[in-house]
Amino acid sequence: MIITGKNHQFMVVLKQGEKLIESLTAVLKEKEIQGANLTAIGAVKDVELGYYDLHHKNYVKKCFEGDDYELISLMGNLSLKEGEPFVHLHALISDKEFNVYGGHLFELTVAVTAEIFVTPLGAMPIRKMDSEIGLALISDRREM
Ligand code: ZN
């Protein structure tokens, strides 16, 4: 893992075999980042994506395994959920036939690289369970 940058923005570069959400959450926690805008590109594998079924209040999940995928676009944010830093990401990936798949990202493994751009917000959004929706949604914001 490489971390580079100055001022407020920085970049986290993950290497082959690293799990993106696990590694990124650890970095953001260690650096005590308070909220962030997250974007990334790269090449990845073992991608688990989800589609939230509002009527059943659960995720339909699909795993993309057995090949490498371009990580065309990854975007999301850092917030606080149940007192812990929580990374919420959505991803678009493509295969060698240029088919594109996308959804809520549960986890992926780096196949080649993951170049993640972190723009701290300076304030930690807070997620609280919304029982009507069935998800912990951003409902409050705490200033640093
Ligand atoms: Zn999501």
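Note: the structure precedes this text.
One structure accompanies this document, and this report is about it. Worth saying up front: this structure is predicted, and the values here are computed from it rather than measured.

### Thoughts on the overall build of the protein chain
In terms of regular secondary structure, the protein chain is built from one helix and nine strands. Taken from the N to the C terminus, the helices and strands of the protein chain come in the order β-β-α-β-β-β-β-β-β-β. On the principal axes, the C-alpha backbone points of the protein chain span a range of 45 × 45 × 20 Å. By the burial criterion, 40% of the 144 residues in the protein chain qualify as buried. In the protein chain, the proportion of contacts linking residues at least 24 apart, taken out of those at least 6 apart, comes to 61%. Summing over all exposed atoms, the protein chain offers an accessible surface of approximately 8400 Å²; the carbon and sulfur share of this is 52%. For the protein chain, the separation between the mean place of its 15 positive charges and that of its 21 negative charges on side chains is 4 Å.

### Some points on the pairing of strand S5 (residues 69-81)
Sheet topology note: the strand S3 (residues 36-53)/S5 ladder contains eight bridges and is antiparallel. Paired with Ala40 across the bridge in S5 is Leu74. As paired elements, S5 and strand S6 (residues 84-94) share eleven bridges and run antiparallel to each other. For Glu70, the partnering residue across the bridge sits in S6 and is Ser94.

### Structural notes on helix H1 (residues 20-30)
Within the span of H1, buried status applies to Leu20, Ile21, Ser23, Leu24, Thr25, Val27 and Leu28. Buried residues belonging to H1 abut strand S1 (2-4), strand S2 (10-15), S3, S5, S6 and strand S7 (100-120). Backbone geometry just downstream of H1 places Glu32 in the positive-phi region, at approximately 50°.

### A few points about the side chain of Thr25
Note that Thr25 resides in helix H1. Residue Thr25 is classed as buried on the basis of its relative accessible area, which comes to 18%. Setting aside residues no more than four positions away along its own chain, Thr25 makes contact with Pro85 and Val87.

### Thoughts on unusual backbone geometry
A positive phi angle, near 45°, is found at Asp46, a position not held by glycine. Tracing the sequence through the fold places Asp46 in strand S3.

### Side note on the side chain of Arg127
Relative to the helices and strands, Arg127 is located in strand S8 (residues 123-130). Put simply, Arg127 is tucked away with no salt bridge, and the nearest opposite charge, on Asp130, sits 10 Å away. At a separation of 3.3 Å, a polar atom in the side chain of Arg127 contacts the side chain of His88. Dropping the residues within four chain positions of it, Arg127 is found in contact with Asn77, Ser79, Leu80, Lys81, Phe86, His88, Ala136, Leu137 and Ile138.

### Remarks on the coordination of the zinc ion
Within the protein, the zinc ion binds to His88 (NE2), His90 (NE2) and His104 (ND1); these donor distances fall in the range 2.0 to 2.1 Å. All donors of the zinc ion come from a single chain, and their spacing in sequence reads H-x1-H-x13-H. Note that His90 is positioned in strand S6 and His104 in strand S7, a separation of 14 residues in sequence. Here His90 falls in the partly exposed class, since its relative accessible area comes to 40%.

Cut-offs used in this document
- Residues numbered from 1 in each chain as written.
- Predicted model: local features only at pLDDT ≥ 70, side-chain atom pairs only at ≥ 80, totals over all residues.
- Heavy atoms only, no water.
- Helix = DSSP H or I, 4+ residues; strand = E, 2+ residues; numbered from the N terminus.
- Buried < 20%, exposed > 50% of the residue type's maximum accessible area, 1.4 Å probe, protein only.
- Contact = heavy atoms within 4.5 Å.
- Areas by Shrake-Rupley, 256 points an atom, 1.4 Å probe, with all protein chains shown as cover.
- Lys, Arg positive; Asp, Glu negative; His and termini not counted.
- Charge placed at Lys NZ, Arg CZ, Asp CG, Glu CD.
- Pairing = 2+ DSSP bridges.
- Salt bridge = Lys/Arg side-chain N within 4 Å of Asp/Glu carboxyl O.
- Polar contact = N/O pair within 3.5 Å; in protein donor to acceptor, adjacent residues only side chain to side chain.
- Donors = N, O, S within 2.8 Å, 3.2 Å for Na, K, Ca; no water.

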